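# Analysis of the macromolecular model
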Amino acid sequence: MRTEQSLRLAVALLALMAVPLVMASPRSSLIDPATFRGPAADQRAYRIGDVLTVYVLETAHARSQAGTGAERNTDIGIALHAPSTAYEADLGVRNKNNGAAQTQRIGELRAQLSVRVVALEPNGLLRVSGGQMLAVNGEQQRITLSGLVRPEDITAGNIVWSSRLAEAEVSLSGKGVVSEAQKRSLIARIVQWLGL
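In this text the structure is predicted, and so the values were computed from the model without any measurement.

### Concerning the overall build of the chain
The helix and strand tally for the chain stands at three helices and six strands. Ordered by position from the N terminus, the helices and strands of the chain form the series α-β-β-β-β-β-β-α-α. For the chain, the proportion of its 196 residues judged to be buried stands at 16%. Sequence separation of at least 24 residues holds for 58% of the intrachain contacts in the chain that already meet a minimum separation of 6.

### Notes on the pattern of salt bridges
Scanning the entire structure with this criterion turns up six salt bridges. For glutamate 121, the salt bridge is made with arginine 127, and the minimal N-O distance between the two is 3.2 Å. For glutamate 167, the salt bridge goes to arginine 127, with nearest N and O atoms at 3.7 Å. Of this pair, glutamate 167 sits in strand 6 (residues 166–175) while arginine 127 is found in strand 3 (residues 126–136), placing the two residues 40 residues apart along the sequence.

### Notes on the environment of isoleucine 78
Examined against the element boundaries, isoleucine 78 turns out to sit in strand 1 (residues 51–81). Between the C-alpha atom of isoleucine 78 and that of alanine 89, which follows or precedes it by 11 residues, the distance is 5.1 Å. Setting aside residues up to four positions removed in sequence, isoleucine 78 forms contacts with Tyr87, Glu88, Ala89 and Asp90.

### Description of the environment of glutamate 58
Locating glutamate 58 in the fold gives a position in strand 1. Judged by its relative accessible area of 29%, glutamate 58 is partly exposed. Along the sequence, glutamate 58 and arginine 110 sit 52 residues apart, while their C-alpha atoms lie 6.6 Å from each other. Leaving out residues up to four positions away in the same chain, glutamate 58 has contacts with Gly107, Glu108, Leu109, Ser162 and Ser163. A distance of 2.6 Å separates the side chain of glutamate 58 from the side chain of serine 162, its partner in a polar contact.

### Some thoughts on the nonpolar core
Within the largest apolar cluster, 17 residues are counted, with the highest numbers of intra-cluster contacts made by Leu52, Val56, Leu113, Val115, Val128, Leu145 and Val149. Mapped by element, the contributors of at least two residues to this core are strand 1, strand 2 (86–120), strand 3 and strand 4 (139–149). In terms of residue count, the dominant contributor to this core is strand 2 (five residues). For valine 56, the residues in contact, after removing those within four places along its chain, are Leu109, Arg110, Ala111, Leu113, Leu145, Ser162 and Val170.

### Focus: the pairing of strand 3
Examined bridge by bridge, strand 3 and strand 4 share 11 bridges and lie antiparallel to one another. Within strand 4, the residue paired with leucine 126 across the bridge is valine 149. If you look at the hairpin formed by strand 3 and strand 4, you'll find two residues sitting between the two strands, and asparagine 137 has a positive phi there, around 50°.

Cut-offs applied
Residues numbered from 1 in each chain as written. Predicted model: local features only at pLDDT ≥ 70, side-chain atom pairs only at ≥ 80, totals over all residues. Heavy atoms only, no water. Helix = DSSP H or I, 4+ residues; strand = E, 2+ residues; numbered from the N terminus. Buried < 20%, exposed > 50% of the residue type's maximum accessible area, 1.4 Å probe, protein only. Contact = heavy atoms within 4.5 Å. Salt bridge = Lys/Arg side-chain N within 4 Å of Asp/Glu carboxyl O. Polar contact = N/O pair within 3.5 Å; in protein donor to acceptor, adjacent residues only side chain to side chain. Core = buried A, V, L, I, M, F, W, Y, C linked by side-chain atoms within 4.5 Å. Pairing = 2+ DSSP bridges.

Listed below in structure tokens is the structure:
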């Protein structure tokens, strides 16, 4: 009898403990319906916080060329004639100046980095921003990228080319031994400032 009562009491307690679990199960799921994407769903970025891969291929070519040419001739002549003598004096000044200058700069940046969607524009564009730090042998390089992406420019693999970003800002900055070696010395800067 006592065993039967103990058994009934244990079953009743288990039943009471199971009621909150059964009632809470619809609310506490392992999957959040607001953020869940099924395996067959589109995996492209479309919400704030989503990550997107950007292939950066930026090439800049700049060339400036100028040429000048100037020529100036000035001749002055004086003559004095007297019955017994004649005086003549001529003065000529010629100035010729030709100059040419050319500058050329080529820059190329190739990288692959992941950025995060930081805002959704009212017209549906995604504002993205991100960066990557790379350190090799004491030299640190930081690539930063931001801009606007049209959702239709994102491939099925969740990739977009940097040339497809509007208002793109791509920056590469370095710090370390190589960067310091490329800076001009104080003397070289003073000489250039003096125009020598």
